[in-house]
Amino acid sequence: MEEKQNENSQNGLPNSEPEEEKKQNRIIGFLSDILRGVAIGVAFIIPGFSGGSVAAILGIYERLVGAIADIFKHFKQSFITLLPIAIGMLLGIAALILPIQWGLRHYPIPTVMLFVGLALGGLPSITEKLKGAKFSWKYALACAVPLIAAASLSFLPLAGDVNLFELSVGGYFLLILIGAVGSCALVVPGISGSMLLLIFGYYNPVVALVTDHLLHGADVGICIAVLACLAVGVVAGFFAISVLMKFLLKKYPRGTYYAILGFIVGSVPAVFVSTIREAAPELSALYSSPWYWVIAVLLFAVGVALSFLLVRYAKKKEKKEEKPLG
C-alpha cells in the first residue's frame, strides 16, 4: 500500500485514501445524525421531555439551530444538515410512538426512568461548555429562572381534551398556533412541546388521531387536515424560535447555555409529575411489587450509560474530524 502511495506521489497523482476517508466519514456522520434525530423524535413523544434538550446533550444543538435559522440564506447546506435529523425524527416517532405509549400506559415510572437517565447522563456535554467562565449572579439567574419555569410547567391545570373531529374553521387556525407553541420542544431545551399540548388538551387527541384513526385508515381526510395545520405551525414556530436562539447563542453564549442547563434540570421533576398525573388511576398498583422499582432503577442506569457513551462517541468523532487528513 505504501509503495502505491509513493508511486502516486512520484507521478504527481493525488492520494485517493483521504477522499475515501472523507466519504466514509460523511456516511458515518449521516447515519449518526439519523440516530440523533431518532432520539429527538422520541423526546417529542414523551410529556415533559424536550427534543431541544436531546439535541444539546448530543452536541448538535448549535448546528441544528443555525441550519434552521439560515435555511433561506444557505438553503443547500441547511438542507444537507437537517435532512438526516428529520429522517431520524420521523423514523423515531413512527417506529416508537406505539411502544412508548404502551410503556407509559402500563409501566410509566420505568419507562420515564430510562429517558431521565438519558437526559442526566448527557449533562457533562452541557457543563463542559461552561468551563472557564467566572460564575456570577447573572449566570445564577440565567440558570434558576428556566429551571423553575420548566419544573413548574407540569403543575399547570390540564384543559379537557379537544375533539379534533368537530373543529370549526377557527379551530383549524388555532391548530396552527398550537403547532407553533409545540415547536418549542424541538428548539428550546427543557420546554416540552408534548407537555404544552397536554396542558392545552391536544396531546392525547393528536396521539389517538394517529394511533387509532390514521394508522387504521379511518377518517383519513380529517386526520391529514389536522396534522397539516399542526405541521404548518411547527415549521413557522421552528424557524422563528431558531432565529432567536441563534442570536442568543452568538450574543450571549455562556448565559444561554446556563439557561439550557436550567431548562434540562428543571424538566426532570416535571416529567415525573406529568407521568404520575397521567398514571394516577394505577398508582395504587405501582408500589406493590419491588421488581417494578428494580427495573426502573436498572433502566435509569441503562439510560445514563447510553447517553454517556453517545456523548463520548460524539466527542471522539469531533476530535477525529479536526485532525488533518493525509
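**Points about the overall build of the chain**
Turning to step 1, where the next piece is worked out: Scanning the chain from terminus to terminus reveals 16 helices and zero strands.
Turning to step 2, where the next piece is worked out: Every one of the 326 residues in the chain was classed for burial, and the buried ones make up 44%.
Turning to step 3, where the next piece is worked out: Long-range contacts, defined as pairs at least 24 residues apart, comprise 83% of the intrachain contacts of the chain with a sequence gap of at least 6.
Turning to step 4, where the next piece is worked out: For the chain, the accessible surface area stands at approximately 17600 Å², while carbon and sulfur atoms represent 69% of it.

**Points about the environment of A305**
Turning to step 1, where the next piece is worked out: Relative to the assigned elements, A305 resides in helix α16 (residues 290-322).
Turning to step 2, where the next piece is worked out: Between the alpha carbons of A305 and L118 there is a distance of 7.7 Å; along the sequence they are 187 residues apart.

**Considering helix α5 (residues 75-106)**
An α-helix turns once every 3.6 residues. As a result, residues three or four positions apart point the same way.
Turning to step 1, where the next piece is worked out: Here α5 is 32 residues long and its end C-alpha atoms lie 44 Å apart, about the 46 Å a rise of 1.5 Å per residue gives.
Turning to step 2, where the next piece is worked out: The sharpest bend along α5 measures roughly 50° and falls at L96, with the proline P99 sitting one to four residues further on.

**A word on helix α4 (residues 61-69)**
Turning to step 1, where the next piece is worked out: Most of α4 sits inside the fold, with seven of its nine residues counted as buried.
Turning to step 2, where the next piece is worked out: Those residues of α4 that sit buried are Y61, L64, V65, G66, A67, I68 and A69.

**With respect to the packing of aromatic side chains**
Geometry of an aromatic ring pair is reported as the spacing of the ring centres plus the angle between the planes.
Turning to step 1, where the next piece is worked out: Counted by the stated rule, this structure contains five aromatic pairs.
Turning to step 2, where the next piece is worked out: Their ring planes at 20° and their centres at 4.8 Å tell us that Y139 and Y258 sit as a pair that is stacked. With Y139 in helix α8 (residues 137-153) and Y258 in helix α14 (residues 253-278), this residue pair connects regions lying 119 residues apart in the sequence.

**Side note on the nonpolar core**
Turning to step 1, where the next piece is worked out: Ranked by internal contacts, the top residues of the largest apolar core, which has 41 residues, are I40, Y61, L64, I126, V187 and I260.
Turning to step 2, where the next piece is worked out: Tallying contributions element by element places α14 first for this core, with six residues.
Turning to step 3, where the next piece is worked out: Those residues in contact with Y61 that sit more than four places away from it in its chain are G52, A55, A56, V187, V188, P189, M245, L249 and I260.
Turning to step 4, where the next piece is worked out: In this structure, V42, I178, C223 and L230 belong to the second largest nonpolar core, which totals 26 residues.

**Quick notes on the confidence of the model for the chain**
If pLDDT is low for a region, its predicted coordinates should not be looked at in detail.
Turning to step 1, where the next piece is worked out: Looking at the chain as a whole, the pLDDT averages 78, with 82% of positions reaching at least 70.
Turning to step 2, where the next piece is worked out: The model gives residues 1-5 a pLDDT under 50, and that stretch makes three contacts with residues more than four places away or in other chains.
Turning to step 3, where the next piece is worked out: Here residues 12-16 scores under 50 on pLDDT; set against residues more than four positions off or in separate chains, the count is two contacts.

**Regarding the layout of surface pockets**
Turning to step 1, where the next piece is worked out: Approximately 1200 Å³ is the volume found for the largest pocket.
Turning to step 2, where the next piece is worked out: Lining the largest pocket are 37 residues, with F44, M89, L90, I93 and V234 sitting closest to its centre.
Turning to step 3, where the next piece is worked out: Those elements that place two or more of their residues in the lining of the largest pocket are α2 (16-45), α4, α5, α9 (169-182), α11 (193-200), α12 (203-213) and α13 (220-251).
Turning to step 4, where the next piece is worked out: Of the residues forming the lining of the largest pocket, the biggest block, 11 residues, is contributed by α5.
Turning to step 5, where the next piece is worked out: When its residues are assigned to classes, the lining of the largest pocket shows 33 nonpolar, four polar and no charged.
Turning to step 6, where the next piece is worked out: Each pocket or cavity is described by its volume, and for the second largest pocket that value is around 710 Å³.
Turning to step 7, where the next piece is worked out: Lining the second largest pocket are 31 residues; nearest its centre among them are A39, V42, L114, F115 and L118.
Turning to step 8, where the next piece is worked out: When residues of the lining of the second largest pocket are traced back to their parent elements, those giving at least two are α2, α3 (51-57), α5, α6 (108-121) and α16.

**As for the packing of α5 against α6**
Turning to step 1, where the next piece is worked out: Relative orientation of the contacting elements α5 and α6 amounts to 125°, with a least axis distance of 5 Å. Relative to α6, the element α5 lies oblique. In this structure, α5 contributes I100, G103, L104, R105 and H106 to the contact, and α6 contributes P108, T111, V112 and F115.
Turning to step 2, where the next piece is worked out: Split into classes, the residues belonging to the contact of α5 with α6 amount to five nonpolar, three polar and one charged.

**Observations regarding the packing of α4 against α13**
Turning to step 1, where the next piece is worked out: It is the contact of α4 with α13, at a shortest axis distance of 8 Å, that shows an interaxial angle of 125°. Taken together, the axes of α4 and α13 lie oblique to each other. Between α4 and α13 lies a crossing whose hand is left-handed. Of the residues in α13, those in contact with Y61, E62, V65, G66, I68 and A69 of α4 are F238, F239, S242, V243, M245, K246 and L249.

**Thoughts on a nonpolar patch on the surface**
Turning to step 1, where the next piece is worked out: The grouping of I27, F30, L31, F75, F79, I80, L83, I87 and L91 at the surface amounts to a nonpolar patch, some 810 Å² of accessible area in total.
Turning to step 2, where the next piece is worked out: Among the secondary structure elements, those contributing two or more residues to the nonpolar patch are α2 and α5.
Turning to step 3, where the next piece is worked out: The biggest single contributor to the nonpolar patch is α5, with six residues.
Turning to step 4, where the next piece is worked out: Tracing the backbone shows L83 in helix α5.
Turning to step 5, where the next piece is worked out: The partly exposed category is assigned to L83, whose relative accessible area is 32%.

Cut-offs and rules
Residues numbered from 1 in each chain as written. Predicted model: local features only at pLDDT ≥ 70, side-chain atom pairs only at ≥ 80, totals over all residues. Heavy atoms only, no water. Helix = DSSP H or I, 4+ residues; strand = E, 2+ residues; numbered from the N terminus. Buried < 20%, exposed > 50% of the residue type's maximum accessible area, 1.4 Å probe, protein only. Contact = heavy atoms within 4.5 Å. Areas by Shrake-Rupley, 256 points an atom, 1.4 Å probe, with all protein chains shown as cover. Expected span 1.5 Å × (residues − 1). Bend = angle between axes of the 7 residues up to and from the residue. Phe/Tyr/Trp six-rings, centres within 6.5 Å; stacked < 30°, edge-to-face > 60°. Core = buried A, V, L, I, M, F, W, Y, C linked by side-chain atoms within 4.5 Å. pLDDT = per-residue confidence, 0-100. 1 Å grid on protein atoms, 1.4 Å probe; cavity = no way out; pocket = protein on both sides within 12 Å on 5 of 7 lines; lining within 4 Å. Points joined across faces, edges and corners; volume = space filled by probe spheres on them. Nonpolar A, V, L, I, M, F, W, Y, C, P; charged D, E, K, R; others polar. Axes fitted to C-alpha atoms, helices over the stretch in contact; angles between N-to-C directions. Parallel < 35°, antiparallel > 145°, perpendicular 65-115°, else oblique. Left-handed = near helix turned anticlockwise from the far one by under 90°. Patch = residues over 30% accessible without salt bridge, like charges linked within 9 Å, V, L, I, M, F, W, Y side chains within 5 Å. Salt bridge = Lys/Arg side-chain N within 4 Å of Asp/Glu carboxyl O.

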